[in-house]
Amino acid sequence: MLKNLAALLICLGATQAVAQDNNVVSSRDTVSMAKLIRDGYEIKSSSWTGSKLFVFLQKDNSAYACEFANVTNTRCGSIN
């Protein structure tokens, strides 16, 4: 339960950071969401900001934000 609460707080904070600065995800190396899921990451949260959807994934102490501009334009980057 405590881990889920911590993950939610991380995701909420990341949502705010991404909403304020869209370069948060693009400034780092990107990885595909499919690879993250294959590597054991779980979807913890999602958020709409304007016309984009952000999905937050977590595995242990590592977290990623994935930006969906459209179905074919998606990028994920580490947020920790």
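For the structure, see preceding data.
Within every chain, residues take consecutive numbers counted from 1 along the sequence as written. Totals for whole chains, interfaces and linings use all residues, but because this is a predicted model, local features are given only for residues with pLDDT of at least 70 and pairs of side-chain atoms are given and counted only at 80 or more. The side-chain figures draw on all heavy atoms in the structure; neither hydrogens nor water molecules are used.

**Regarding the sheet that holds strand 5 (residues 74-78)**
Phase 1: A sheet is described by the order of its strands in space; here 5 strands give the open sequence 1-5-4-3-2, paired in antiparallel fashion. The outermost strands of the open sheet, each flanked by one partner alone, are strand 1 (30-31) and strand 2 (42-49).
Phase 2: Should DSSP find at least two bridges between two strands, the strands are taken to pair. Note on conventions: DSSP H or I runs of at least 4 residues are helices, E runs of at least 2 residues are strands, and numbering of each starts at the N terminus. Of the strand pairs in this sheet, strand 1 and strand 5 are connected by 2 bridges, and their pairing is antiparallel. Within strand 5, the position partnered with Thr-30 by the bridge is Gly-77.

**Quick look at the pattern of salt bridges**
Phase 1: Between Lys or Arg on one side and Asp or Glu on the other, a salt bridge is scored when a side-chain nitrogen of the former is within 4 Å of a carboxyl oxygen of the latter. All told, the structure shown has 4 salt bridges when counted by the stated rule.
Phase 2: The salt bridge involving Asp-39 is made with Lys-35; its shortest N-O contact spans 2.7 Å.
Phase 3: Residue Glu-42 is joined to Lys-44 by a salt bridge in which the shortest nitrogen-to-oxygen separation is 3.5 Å.
Phase 4: For every residue, the accessible area (1.4 Å probe, protein chains only) is compared with the maximum for its type, and the residue is labelled buried under 20%, exposed over 50%, or partly exposed between those bounds. Given the relative accessible area of 47%, Glu-42 is considered partly exposed.
Phase 5: Residue classification places Lys-44 among the partly exposed positions, given a relative accessible area of 33%.

**With respect to the environment of Ser-78**
Phase 1: Among the secondary structure elements, Ser-78 is positioned in strand 5.
Phase 2: Considering only alpha carbons, one finds Ser-78 and Ala-65, 13 residues apart in sequence, at a separation of 6.5 Å.
Phase 3: Polar contacts, as used here, are pairs of N or O atoms within 3.5 Å; protein pairs need one atom able to donate a hydrogen and one able to accept it. Residues neighboring in sequence count only if both atoms are side-chain atoms. One polar contact links Ser-78 to Asn-80, side chain to side chain, over a distance of 3.2 Å.

**Digging into the environment of Trp-48**
Phase 1: Secondary-structure assignment places Trp-48 in strand 2.
Phase 2: The exposed category is assigned to Trp-48, whose relative accessible area is 61%.
Phase 3: Measuring from C-alpha to C-alpha, the distance between Trp-48 and Phe-68 comes to 9.6 Å, with 20 residues separating the pair along the chain.

By themselves, these are just geometric observations and shouldn't be taken as functional.
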